[in-house]
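Here is what each chain is made of, one letter per residue.
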Amino acid sequence: MAGRLLSIGECMVELSQAGEGLLRKGFAGDTLNTAWYARACFPSDWSIDYFTAVGDDPMSNEMLAMMDGAGIGTSQILRIAGKTPGLYLITLKDGERTFSYWRDTAAAKKLADDADHLRAAMESAQIIYFSGITLGILAPEAVDTLLAEARRAKASGKTVVFDPNIRPRLWSNKNYMLKTIEDGARASTLVLPSFDDEAVHFGDKDVAATIARYKALGVENVVVKDGPGGVTLAFGSTPVVHVPSVKVDKVVDTTSAGDSFNGSFLASLAKGGTPSEAAAYGAAVASTVICHHGALISPNLLPK
Ligand code: ADP
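Residues numbered from 1 in each chain as written. Predicted model: local features only at pLDDT ≥ 70, side-chain atom pairs only at ≥ 80, totals over all residues. Heavy atoms only, no water.

Per an unreviewed UniProt entry, the chain goes by 2-dehydro-3-deoxygluconokinase and derives from Aliirhizobium cellulosilyticum.

Laid out in structure tokens, this is it:
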């Protein structure tokens, strides 16, 4: 069955070191990464659309051109006159990556300011995807708008998918962060947390505790990712299942492991795979992604 997935969030300009005094420009962001892998793995009769707000400057134009070139739909993206995208710089020191951000005035912070536009975009999709980073960049009133629309989409029978992706630096207050992540989960039908984040911020002692906490919030389906430890699926009332990761000889760059898992997992479910089959496929895709540099690797490199 054909359909549309709408991924909502912030794509930023990425600058990374490219030799003496030179910087390489790219575009990335967790929800865009997931859209990229969804596009690569969903059947071609599905459209994969991105939803954000950008400016009307040349960098915003290039960003949308990059998405269009990847087959990711941009027609619903808001354009805000006079604004520009957020930007981050990756610096390498002794092999460790450090990130500096310029995103306080990014256009994407306004993505939920037009509730009617957001609702129309959501109504056009069967699967809606957003993350804790999407919520973390928004002002409190915009969080309320986005979550109200997500709850509305869930109530109308859509699949609403949420990756908590907890990033404390985006939030001014820890209690508000945790409460808003919980509200994001409550508005969703499927939550895809990473255990290491959940353990640090919610104090979960094991994967079972993460599952129990989200189930207690009323989330129907929970998939906990645990790096090389694989994933644990708690789908509806079926028994909890563990699916191992795919062993990798040499991890090159774990950027986008979770995002690529999410996009390919959803693709496999859309093709009619069982949750366990989808998790095995997601693990195969993520294990390929972490053997290459960068967030977005060529779709040609991915397992079918
Ligand atoms: P996130 O990037 O969101 O923190 P994880 O680190 O849990 O997510 O990774 C997501 C998925 O990527 C895992 O479920 C697993 O399939 C795969 N993965 C991550 N790290 C490794 C690894 N070292 N070896 C094999 N697979 C991995």
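This part is about the side chain of S131. In this structure, S131 sits in strand β10 (residues 127-131). The exposure class of S131 is buried, given its relative accessible area of 0%. Separated by 3.0 Å, the side chain of S131 and the backbone nitrogen of I133 make a polar contact. Aside from chain neighbours lying at most four places away, what touches S131 is D30, T31, F162, D163 and N165. (Helix = DSSP H or I, 4+ residues; strand = E, 2+ residues; numbered from the N terminus. Buried < 20%, exposed > 50% of the residue type's maximum accessible area, 1.4 Å probe, protein only. Polar contact = N/O pair within 3.5 Å; in protein donor to acceptor, adjacent residues only side chain to side chain. Contact = heavy atoms within 4.5 Å.)

Between its terminal C-alpha atoms helix α1 (residues 30-41) stretches 17 Å, which fits the 16 Å expected from 12 residues at 1.5 Å a residue. Among all positions in α1, only D30, T31, L32, N33, T34, A35, W36, Y37, A38, R39 and C41 are buried. (Expected span 1.5 Å × (residues − 1).)

Put simply, side chains in a regular strand alternate between the two faces of the sheet. In terms of residue burial, strand β1 (residues 4-8) counts as a mostly covered element, since 4 of its 5 residues are buried. One ladder, built from 5 bridges, connects β1 with strand β4 (residues 47-51); its direction is parallel. Counterpart to I8 in the pairing with β4 is F51. Here 3 bridges tie β1 to β10, and the two strands are oriented parallel to one another. In the sheet register, S7 faces β10, and the bridge partner there is Y129. (Pairing = 2+ DSSP bridges.)

Here the focus is the site of the ligand. Taken together, 15 residues surround the ligand, and among them S194, G227, V246, G258 and A286 come closest. Note that an oxygen atom of the ligand is positioned 2.7 Å from one of the side-chain N or O atoms of S194. One of the backbone nitrogen or oxygen atoms of G227 is found 2.7 Å away from an oxygen atom of the ligand. Alone, the ligand offers 550 Å² of accessible surface; in the complex the protein occludes 85% of this. Of all the secondary structure elements, the ones that give two or more residues to the shell around the ligand are α9 (257-270) and α10 (275-289). Broken down by class, the residue content of the shell around the ligand amounts to 9 nonpolar, 4 polar and 2 charged. (Near = heavy atom within 4 Å. Areas by Shrake-Rupley, 256 points an atom, 1.4 Å probe, with all protein chains shown as cover. Nonpolar A, V, L, I, M, F, W, Y, C, P; charged D, E, K, R; others polar.)

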